[in-house]
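Structural description and commentary
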Amino acid sequence: MRILVFNAGSSSLKFGVFDVAPAAPLEHTRQIFKGAFDRFGADGCDASLGTDTPARSRAPHTSLADAIAAVPPVLAEHGVEGLDAIGHRIAHGGAEFDRATRLDDAILERISALTPLAPLHNPANLEGVAQARAAWPELPQWGVFDTAFHLTNPARATTYAVPEAWRDAGLRRYGFHGTSHKYVARRAAEALGTDPRDLRLISLHLGNGASACAINRGQSIDSSMGMTPLEGLVMGTRPGDIDPGAFGFLQRELGLDIDTIEAALNSDSGLKALTGSSDMRDVEGRAAEGDARAQAAINLYAYRARKYIGAYAAAMGGLDALVFTGGIGENSASMRRRICDGLEFIGLKLDHDRNMGLALSGRACPQIQAYGARVQVLVTETAEQLMIAHEVAAAHLAPPAHAPSIPVAVSARHVHLSQDAVEALFGPGYQLTPDKPLRQPGNWAAAERVTLEGPKGRIERVAILGPTRPRTQIEVSRTDSFALGVDAPVRQSGELDGTPQIRLIGPAGHLDTDGLIVAARHIHLNPADAAAMGLEDRQFVDVHLTHSARALSFAHVLVRVQPNAFTEMHIDTDEANAAGITAGTEGEIAPELEVTELKGKPAE
Ligand code: ADP
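This text gives an overview of the structure that appears in the document. Treat the numbers as computed from the prediction; the structure is a model and nothing was measured.

**Observations regarding the overall build of the protein chain**
- When helices and strands are tallied, the protein chain shows 19 helices and 28 strands.
- Judged by the C-alpha coordinates and their principal axes, the protein chain covers about 85 × 55 × 55 Å.
- Classification of the 604 residues of the protein chain by burial places 50% in the buried group.
- For the protein chain, the proportion of contacts with a sequence separation of at least 24, taken over those separated by at least 6, is 65%.

And the structure:
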């Protein structure tokens, strides 16, 4: 397949054309055209166009739109034709885009809504998409997201320990350079002849931006960039890790406002702040001439990277391979050496001659560890455009079946009480106090709590959900039923005949009642969403939780269509823990493949 890839920025457009066989190793992918228009200005821009050694010139384009419009004639002039699809690099895909995604109006709107997360990058990426759609209306356009590879990171890696309201507003770690890390990890595994699932690997992308990524058995589990690309390693113009307490200090002591601080963190920090130059070649040159500031900056740069290697080896419980990439990782033997020095204790040691004599070309991925060292160290050129082309080709050839996705909510243990039960527990004539509204309209959590008591033990402070119902129902997890010492059956809500007895204890008395169940997983849908997803009331479906670290498929999930329902799937805490899900997890719905014996006969 022939794929045109665009990386559109506010001041530059990079593009490439690739012939891809998605199943073949990455090194077999052929790049048949390379192009860049850089530094748009009133008098045009720099151009670099061609194949192996692109020719440099000036071009008249003053904007991204002009530059993209110029691509079709440039390709025609170089005899490049027969494009099958276009792939776009998109900086931020938020928590939802975890793979190459076909770009239509609805998807573009969703990407656009993510702009607050990447105000410097997503708008230019999206403008690139709009221009490319206008120039090639007949070709499918795909987005590949820099954040996507890291969506497998577990919550412990993505969560900032900050107030809940901030996290609800979207404050979390995402990680970037995902396409690069994915490429080099896959390329390194190919070069080692090892299945990625057998490797604990750290990828160090050291370019103008820099990040480290822990890739455990093929999956990214942590990345040094956070909510924005500012966190982590020291970079050309960004500081990497910095105490958030600094911002208050800067405001109070230097009178700086947040825009000024942010601009300085993006553009005037890192190597540039430490040495006056953001370019590692300059910094290394000055250090060699005895410049103490440059020497100190190099030390700091290497020290930060080394710390991350130690941290990620700890996160993965060991390390099998380290891969260097990016302009500095690929070209600076002395920086590779400084970063690796002192890591012998984890079995990482470079071979001096291999490191110094390294000559990279094409897709080569040579090894530079000392003979006998336990950790393999590799160096390879990153190839983000090539990886984008691969992802697009794979997605284009085997478009995933349309699988509607649905938010997943975790139901902790709770009870629904009849009015008689309320009075038995809280006193005659007592009315429950609505405290917090639930997402299902009309439902709320009461301010009151009850205690459950079984033959084995008690569970205290169990939530009561209102309003009252004709029949009392107590929903616990399988684990809870062991704690209580009562074997609760898996039932759909309301199917209470023959359910076991349990004692409820309130401030005014106790009540022995049946109605103890482990709630069967189910999906609430309003009629509009049900119609959009092609689902019907009482249908059973399978739901795949692909985004979570412990990806899991739930079979035999009941669909319940009710007017005004808030569309979401409900699972209990045991199921959520088994699937390793976090807030915001979505499941993909697939029609149940075979009607299992379970239907109509819950596993009790
Ligand atoms: P970007 O992140 O913009 O794609 P690159 O991956 O090209 O950037 O990396 C640019 C960085 O690589 C610059 O700091 C540059 O000085 C550095 N670099 C390139 N070649 C060398 C070299 N031979 N020695 C040291 N640093 C180098």
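**A short note on the packing of aromatic side chains**
- On inspection of all chains with the given rule, the structure shows seven aromatic pairs.
- A centroid spacing of 6.0 Å and a plane angle of 25° characterise the contact between F15 and F33, whose relative ring orientation is stacked. Of this pair, F15 sits in strand 2 (residues 12-19) while F33 is found in strand 3 (residues 30-41), placing the two residues 18 residues apart along the sequence.
- The ring of Y371 has R354 sitting right over it, with the charged end atom 4.4 Å from the ring centre.

**Points about the sheet that holds strand 2**
- In spatial order, the strands read 5-4-3-2-1-6-8-7; together these eight strands make up an open sheet with mixed pairing. Across the chains shown, the open sheet's two edge strands, defined by having one partner strand only, are strand 5 (55-59) and strand 7 (101-102).
- Taken together, the six bridges between strand 3 and strand 4 (residues 44-50) define a ladder with antiparallel strand orientation. Bridging from a neighbouring strand, D38 pairs with D46 of strand 4.

**Comments concerning the nonpolar core**
- Grouped together as the largest cluster of nonpolar side chains are 43 residues, with contacts concentrated most on I309 and L348.
- For this core, the leading source of residues is helix 11 (residues 292-316), giving 11 residues.
- If near-sequence neighbours (up to four positions away) are discounted, L348 is found in contact with I309, L319, L322, C340, L343, V375 and V377.
- In this structure, V5, V144, L199 and V323 belong to the second largest nonpolar core, which totals 32 residues.

**Quick look at helix 13 (residues 333-340)**
- Among the residues of helix 13, A333, M335, R336, I339 and C340 are the ones counted as buried. Down the axis of helix 13, the buried set is contained in an arc of 165°. They therefore lie on one face.
- Phi for G342, located one or two positions after helix 13, is positive at around 90°.

**Observations regarding unusual backbone geometry**
- For the bond running from G466 to P467, omega is 0°, close enough to zero to count as cis.
- Following the sequence through the fold, P467 ends up in the loop between strand 18 (458-466) and strand 19 (473-475).
- Positioned with a positive phi, R461 is a non-glycine residue whose angle comes to about 55°.
- Residue position: R461 is located in strand 18.

**Looking at the site of the ligand**
- Around the ligand, the surrounding shell holds 13 residues, and the nearest of these are N208, D279, M280, R281 and G327.
- Within the side chain of D279, an N or O atom sits 2.4 Å from an oxygen atom of the ligand.
- At 3.0 Å, a backbone N or O of R281 approaches an oxygen atom of the ligand.
- For the ligand, whose accessible area on its own is 580 Å², the fraction buried by protein is 69%.
- Mapped onto the shell around the ligand, the elements with two or more residues apiece are helix 10 (280-288) and helix 12 (326-331).
- Broken down by element, the residue count for the shell around the ligand peaks at four residues, all from helix 12.
- Grouping the constituent residues of the shell around the ligand by class yields two nonpolar, eight polar and three charged.

**Observations concerning the sheet that holds strand 10 (residues 210-216)**
- Taken in spatial order, the five strands line up as 11-10-9-12-13 in an open sheet, and their pairing is mixed. On the outer flanks of this sheet lie strand 11 (219-223) and strand 13 (376-379), each paired with one strand and no other. Direction aside, neighbouring strands of the sheet carry axes that sit 20° apart on average.
- In this structure, strand 12 (residues 321-325) lies alongside strand 13, joined through four bridges in parallel fashion. If you follow A321 over to strand 13, its bridge partner there is Q376.

**As for empty space enclosed by the protein**
- Applying the stated rule across the entire model yields two cavities of 30 Å³ or more.
- In this structure, the largest cavity spans a volume of roughly 50 Å³.
- If you go around the largest cavity, the residues you meet are S411, A412, R413, H414, E475, V476, S477, D480, A519, D572 and T573.
- Its residues assigned to classes, the lining of the largest cavity shows three nonpolar, four polar and four charged.

**Observations regarding the pairing of strand 27 (residues 568-572)**
- Extensive coverage of strand 27 is indicated by the burial of five of its five residues.
- Neither face of strand 27 is left uncovered, since the one carrying E568, H570 and D572 and the one carrying M569 and I571 both have all their residues buried.
- Bridge count between strand 14 (residues 405-411) and strand 27: four bridges; the pairing is parallel. Each residue of the ladder has a partner; that of V408, found in strand 27, is M569.
- When strand 24 (residues 522-525) meets strand 27, the two strands line up antiparallel, connected through three bridges. From the neighbouring strand, H524 faces strand 27, where its bridge partner is E568.

**Some words on the environment of Q562**
- Here Q562 is to be found in the loop between strand 26 (552-561) and strand 27.
- The sequence separation of Q562 and A530 amounts to 32 residues, and the corresponding C-alpha distance is 9.5 Å.
- When neighbours within four sequence positions are excluded, Q562 is seen to be in contact with H524, L525, N526 and P527.
- Engagement of the side chain of Q562 in a polar contact is seen with the side chain of H524, the distance being 3.2 Å.

Parameters and conventions
- Residues numbered from 1 in each chain as written.
- Predicted model: local features only at pLDDT ≥ 70, side-chain atom pairs only at ≥ 80, totals over all residues.
- Heavy atoms only, no water.
- Helix = DSSP H or I, 4+ residues; strand = E, 2+ residues; numbered from the N terminus.
- Buried < 20%, exposed > 50% of the residue type's maximum accessible area, 1.4 Å probe, protein only.
- Contact = heavy atoms within 4.5 Å.
- Phe/Tyr/Trp six-rings, centres within 6.5 Å; stacked < 30°, edge-to-face > 60°.
- Lys NZ or Arg CZ within 6 Å of the ring centre and 35° of its normal.
- Pairing = 2+ DSSP bridges.
- Core = buried A, V, L, I, M, F, W, Y, C linked by side-chain atoms within 4.5 Å.
- Arc of directions from axis to C-beta.
- Near = heavy atom within 4 Å.
- Polar contact = N/O pair within 3.5 Å; in protein donor to acceptor, adjacent residues only side chain to side chain.
- Areas by Shrake-Rupley, 256 points an atom, 1.4 Å probe, with all protein chains shown as cover.
- Nonpolar A, V, L, I, M, F, W, Y, C, P; charged D, E, K, R; others polar.
- Axes fitted to C-alpha atoms, helices over the stretch in contact; angles between N-to-C directions.
- 1 Å grid on protein atoms, 1.4 Å probe; cavity = no way out; pocket = protein on both sides within 12 Å on 5 of 7 lines; lining within 4 Å.
- Points joined across faces, edges and corners; volume = space filled by probe spheres on them.

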